[in-house]
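Spelled out from the first residue to the last, the chains are:
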Amino acid sequence: MQPLIDNARTFGQRPEEFAKLAEGQSPQVLFITCSDSRVVPALITGARPGELFELRTAGNIVPPHTSQHPTSEAATIEYAVEVLGVRDIVVCGHSHCGAVGALVRGDDLTAVPAVRDWLAHATPRPAGQAEDPEVAEGVRAHVLTQLLRLRSYPCVERKLAEGQLGLHAWYYEVHTGAVRAHRPQTDTFESL
């Protein structure tokens, strides 16, 4: 913890670098990814403060849209699309994902009921090889499922119909740093 505290102390000693941020934000991209500490959106994309609006969830899950019991994820998506006017949404899964790995393997999650219930939103169960530590096939299928789920959000559906929003599926390799994007024309993930 101490190195983090030390950095935080010196971070605020450069106010001139951050003064413009007080004027507001206008990110062009909503970046939905996993809570995994090895996935750092600004590092992956090179984004500076104010350039990415981030939504991080266990397993980069986009829960089903419901107006009766809105989730913080739904509120974040709606705010990004309707208020901030993002032009693109990226759903980025990653190799070695514990959440997707648990789904692929069919792990018993009774000891962590909140995790178990959260992962139930990931349905259908992603395909893949249970013995593959990267769970690449499962993660890629899972990312596409989450992208499809996004389309059911009314604000996303409307902006897509108006041609004002683009959706992107990415796969980040933790062990190499490589990023692959889904190409709908070939239904493959290819290097950016």
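Here is what the cut-offs are and how they apply
Residues numbered from 1 in each chain as written. Predicted model: local features only at pLDDT ≥ 70, side-chain atom pairs only at ≥ 80, totals over all residues. Heavy atoms only, no water. Helix = DSSP H or I, 4+ residues; strand = E, 2+ residues; numbered from the N terminus. Rg over C-alpha atoms; globule rule 2.2 N^0.38 Å. Buried < 20%, exposed > 50% of the residue type's maximum accessible area, 1.4 Å probe, protein only. Contact = heavy atoms within 4.5 Å. Areas by Shrake-Rupley, 256 points an atom, 1.4 Å probe, with all protein chains shown as cover. Lys, Arg positive; Asp, Glu negative; His and termini not counted. Charge placed at Lys NZ, Arg CZ, Asp CG, Glu CD. Core = buried A, V, L, I, M, F, W, Y, C linked by side-chain atoms within 4.5 Å. Pairing = 2+ DSSP bridges. Axes fitted to C-alpha atoms, helices over the stretch in contact; angles between N-to-C directions. Left-handed = near helix turned anticlockwise from the far one by under 90°. Nonpolar A, V, L, I, M, F, W, Y, C, P; charged D, E, K, R; others polar. Arc of directions from axis to C-beta.

Caption draft 1: Summary view of the overall build of the protein. Along the protein, the regular secondary structure elements total eight helices and six strands. Starting at the N terminus, the α and β elements of the protein follow one another as α-α-β-α-β-α-β-α-α-α-α-β-β-β. For 192 residues, the compact-globule estimate of 2.2 N^0.38 gives 16 Å, and the C-alpha radius of gyration of the protein, at 18 Å, lies within 12% of that figure. Burial status across the protein gives 38% buried among its 192 residues. When contacts within the protein are restricted to residue pairs at least 6 apart in sequence, those whose partners lie at least 24 apart make up 62%. Put simply, the protein shows about 10700 Å² of open surface, and 54% of that area lies on carbon and sulfur atoms. Counting 17 positive and 23 negative side-chain charges, the protein places the averaged centre of each group 2 Å from the other.

Caption draft 2: Layout of the nonpolar core. Formed by 39 residues in total, the largest nonpolar core has its most connected members in Leu 30, Ile 32, Ile 77, Ile 89, Leu 150 and Val 156. In contact with Leu 150, not counting residues within four places along its chain, are Ile 32, Val 62, Ile 77, Ile 89, Val 91, Val 156 and Leu 167. Among the nonpolar cores identified, the runner-up in size contains 11 residues, and Val 29, Val 39, Leu 52 and Val 179 belong to it.

Caption draft 3: Structural detail: the sheet that holds strand S2 (residues 52–57). Read from one edge to the other, the open sheet built from six strands follows the order S2-S1-S3-S4-S5-S6, with strand pairing classed as mixed. The outermost strands of the open sheet, each flanked by one partner alone, are S2 and strand S6 (188–191). Along the sheet, successive strands turn relative to each other by an average axial angle of 30°, direction set aside. With four bridges connecting them, strand S5 (residues 179–183) and S6 associate as antiparallel partners. In the sheet register, Arg 183 faces S6, and the bridge partner there is Thr 188. Taken strand by strand, helix H7 (residues 136–150) contacts strand S1 (29–34), strand S3 (88–94), strand S4 (166–172), S5 and S6, and its axis lies near 160° from that of S4.

Caption draft 4: Region of interest: the pairing of S1. Burial analysis of S1 places six of its six residues in the buried class, the great majority of the element. Here S1 pairs with S2 via six bridges, running parallel. Of the residues in S2, the one forming a bridge with Thr 33 is Arg 56. Where S1 lies against S3, five bridges are found, and the strand directions are parallel. For Leu 30, the partnering residue across the bridge sits in S3 and is Ile 89.

Caption draft 5: How the structure looks around the environment of Glu 78. With respect to the secondary-structure elements, Glu 78 resides in helix H4 (residues 72–83). Overall, the relative accessible area of 46% leaves Glu 78 in the partly exposed class. Each C-alpha atom of the pair Glu 78 and Pro 154 lies 8.8 Å from the other, and the pair is 76 residues apart in sequence. Those residues within four positions of Glu 78 in sequence are excluded, and the remaining contacts are Val 83 and Cys 155.

Caption draft 6: Geometry of the environment of Glu 173. If you trace the backbone, Glu 173 turns up in the loop between S4 and S5. Separated by 79 residues in sequence, Glu 173 and His 94 have C-alpha atoms that sit 5.7 Å apart. What Glu 173 contacts, discounting residues up to four positions off in sequence, is Ser 95, Arg 140, Ala 178 and Arg 180.

Caption draft 7: Expanded view of the packing of H4 against helix H8 (residues 154–161). Between H4 and H8, the shortest axis-to-axis distance is 9 Å and the interhelical angle comes to 35°. Seen from above, H4 lies across H8 with left-handed handedness. On H8, the residues touching Ile 77, Glu 78, Val 81 and Glu 82 of H4 are Cys 155, Val 156, Arg 158 and Lys 159. Split by residue class, the contact of H4 with H8 holds four nonpolar, no polar and four charged.

Caption draft 8: Here's a closer look at H8. Within H8 the residues assigned to the buried category are Cys 155, Val 156 and Lys 159. Projected down its long axis, H8 shows its buried positions confined to an angular sector of 100°, all on one face. Counted as exposed and oriented over 90 degrees from the buried face of H8: Glu 157 and Ala 161. Residues of H8 that are buried sit in contact with H4, S3, H7 and S4. Looking one or two residues beyond H8, the residue adopting positive phi is Gly 163, at roughly 70°.

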